[in-house]
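# Fold and geometry: a report
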Amino acid sequence: MVEMTDNAPSGKMAEEDAGEGHHHHGVSFGDAFRVWLRVAALSFGGPAGQIAVMHRIIVDEKRWIGEHRFLHALNYCMLLPGPEAQQLAIYIGWLMHRTVGGLVAGLLFVLPGFLSILCLSYIYAAYGNVGIVAGLFFGLKAAVLAVVVQAVIRIGGRALKNRVMVGIAAAAFIAIFFLHVPFPLIVLAAGIAGFLGGRFGLSAFRTGGGHKAGSGPVLSDAESALGEGIPAHARPNLAWSLRISAVLLALWLAPLAALYATFGADNVFTEIGLFFSKMAVVTFGGAYAVLAYVAQEAVQHFGWLKPGEMLDGLGMAETTPGPLIMVVQFVGFMGAYRDPGALDPMLAATLAAVLTSWVTFVPCFLWIFLGAPFIEKLRGNIALAGAMSAITAAVVGVILNLAIWFALHTLFAEVATVQLGGLRLDIPVLQSAVPAAMALSAAAAIAIFRFKASVIATLLACAAAGMIWTLAVD
């Protein structure tokens, strides 16, 4: 077995790193473990909320790393497929306590959400057709629409600082909504445009990564526990990067190969493993950017979900800690529950939930451990910052597409597809409008935008209202 250890530092730093889990920054591994548990328990509210919690604890409170280093790590994670908040935790954990620190930070970040959604999935599968449970998810679904709209406005407010960024967002929306261009191509095109714009010094591309980490006094890298230098283990080492990447690649792909060899390509577990492995590679822009595609494939191609059930899963993910992409766990769960083969449906669903989470999150560790040592040397790179600014702008357009898709399938029971030349449009059937869903979505929007209510409180209130309404009409 390949030993997953970093380059051994030399000299005085080696002596400091050798004792009892303490590093030259003075933060013990035990202290870090407790901090990452706290971060995991508080990681509600989607990527923006999770990043804000991490910034408050890691930068403002614990002062482990400085503002510049935090934003540099975040910007790299935004370039990667997968949940940027979890990858940011892996990155910081690795910076502070090497490979084991990254593994612990990343695993703890997703564990509470995995367990929470697994429990909710059991309830959904067993009692989803019972009136009060159906009403709960009806209310969540209506409220989630307001949450997605809030995400568009929140990210757009930070990313669209000039006409060029607005133009990139508009082009991305047109490409995905009207032309159905795959979103990985959209992100790639935006990244190239931003890289070139930054390289040539165009001011429009000097807007940062699109996330505002916090306000108030800024902690400089030099004043942080880690300091402004690059730790010995974080210096580029191609041999180590390739070695650990080979281990993680094997952990990711070996189960898929075993499933394919044992059950064949048409087995539900093989299909789930392969599909969500592909999603792990192309999930740029976070969960919101990919969910419309996942829902479409899960409903129309594989038959894992019924129309509208993706919104139920997203409601679960919004009300539990961890990355929103954890909703794919629910998709895998329901797919195997409805096609368990010779297994008990609940056992098959549980195994599928584990498989889905495995192939979704193992690649996150691969991306960080492979690239982070090289990215650390690129802090302050103007061209890279320009690429990330343009990508964030494009993601705004992609999320707007998702908001419209959710609105159509939440507020109307039927949606028709119209072909106009090369354009394909989804048009709501007006006679199928759902007044109760419209009322709940409007109430959620008023609570969030007018009264600044928290997302969790809004979701819970709408869930309660959905249960009351369902009981009243039954």
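For the structure, see preceding data.
About the thresholds
Here the residue numbering is sequential within each chain, running from 1 through the sequence in written order. The predicted nature of this model means local features are confined to residues of pLDDT at least 70 and side-chain atom pairs, given and counted, to a pLDDT of 80 or more, with totals for whole chains, interfaces and linings taken over all residues. No hydrogens and no water enter the side-chain calculation; it runs on all heavy atoms of the structure. Note on pairing: DSSP must find at least two bridges between two strands before they are called paired. In this description a helix means any DSSP run of H or I spanning at least four residues, a strand means any run of E spanning at least two, and both kinds are numbered starting from the N terminus. We place a 1 Å grid over just the protein atoms. Points where a 1.4 Å probe fits but has no way out form a cavity, open points with protein on both sides within 12 Å along at least 5 of 7 lines form a pocket, and any residue with an atom within 4 Å of a point lines it. Grid points are joined across faces, edges and corners, and a volume is the space filled by probe spheres set on the points. What is meant by a nonpolar core is a set of buried Ala, Val, Leu, Ile, Met, Phe, Trp, Tyr and Cys residues, joined one to another through side-chain atoms within 4.5 Å. Only protein chains enter the area calculation, which uses a 1.4 Å probe; residues under 20% of their type maximum are buried, those over 50% are exposed, and those in between are partly exposed. Residues are treated as being in contact if the distance between any of their heavy atoms lies within 4.5 Å. Put simply, a salt bridge is a Lys or Arg side-chain nitrogen that is within 4 Å of an Asp or Glu carboxyl oxygen. Between N-to-C directions, angles cover 0 to 180 degrees, with each direction set by a line fitted to C-alpha atoms, over the stretch in contact for helices. Helix crossings fall into two classes, left-handed where the near helix is turned counterclockwise from the far one by less than a right angle and right-handed where it is turned clockwise. Working rule for angles: under 35 degrees goes down as roughly parallel, over 145 as roughly antiparallel, 65 to 115 as roughly perpendicular, anything else as oblique. In this count, Pro and Cys sit with the nonpolar residues alongside Ala, Val, Leu, Ile, Met, Phe, Trp and Tyr, while Asp, Glu, Lys and Arg are called charged and the others, Gly among them, polar.

Both faces of the sheet carry side chains from a regular strand, because those side chains alternate between them. Bridging between strand 1 (residues 415–420) and strand 2 (residues 423–428) involves six bridges; their strand directions are antiparallel. Counterpart to L420 in the pairing with strand 2 is L423. If you look at the hairpin formed by strand 1 and strand 2, you'll find two residues sitting between the two strands, and G421 has a positive phi there, around 65°.

Looking now at the layout of surface pockets. Of the voids in this model, the largest pocket is the one considered here, and its volume is about 1100 Å³. Together, 47 residues line the largest pocket, and A292, Q296, Q300, W405 and D426 are the ones closest to its centre. Take the lining of the largest pocket: its biggest share by element is eight residues, from helix 11 (residues 287–301).

Turning to the nonpolar core, a few remarks are in order. With 143 residues, the main nonpolar core has W36, M54, Y91 and F276 as its most contacted residues. Of the residues forming this core, the biggest block, 19 residues, is contributed by helix 5 (residues 84–127). For F276, the contacting residues outside a window of four places in its chain are V294, W304, V328, V331, G332, T356, V359 and T360.

It is worth spelling out the pattern of salt bridges at this point. Applying the stated criterion across every chain yields a total of three salt bridges. Residue E61 is joined to R38 by a salt bridge in which the shortest nitrogen-to-oxygen separation is 2.7 Å. One end of the pair, E61, is in helix 3 (residues 46–61); the other, R38, is in helix 2 (residues 29–41), with 23 residues separating them in the sequence. When its relative accessible area of 39% is taken as the criterion, E61 is described as partly exposed. Ionic pairing is found between E309 and R338, a salt bridge with its closest N-O pair at 2.8 Å.

This part covers the packing of helix 13 (residues 327–338) against helix 14 (residues 345–375). The geometry of a pair of packed helices is captured by two quantities: the angle between their axes and the separation between those axes. Taken N-terminus to C-terminus, the directions of helix 13 and helix 14 make an angle of 145°; their axes are 7 Å apart at the nearest point. In this structure, helix 13 crosses over helix 14, and the sense of that crossing is right-handed. Packed against helix 13, whose contacting residues are V328, Q329, G332, F333, A336 and Y337, the element helix 14 presents P345, M346, A348, A349, T350, A352, A353, T356, S357 and T360 at the interface.

Moving on, we get to the packing of helix 6 (residues 131–159) against helix 15 (residues 382–411). As a packed pair, helix 6 and helix 15 sit with axes 9 Å apart at the nearest point and diverge in direction by 160°. Here helix 6 lies roughly antiparallel to helix 15, going by the angle between them. The crossing of helix 6 and helix 15 is left-handed. Of the residues in helix 15, those touching helix 6 at K141, A142, V144, L145, V148, V149, V152, I155, G156 and A159 are T392, A393, V396, I399, L400, L402, A403, F406, A407, T410 and L411. Broken down by class, the residue content of the contact of helix 6 with helix 15 amounts to 17 nonpolar, three polar and one charged.

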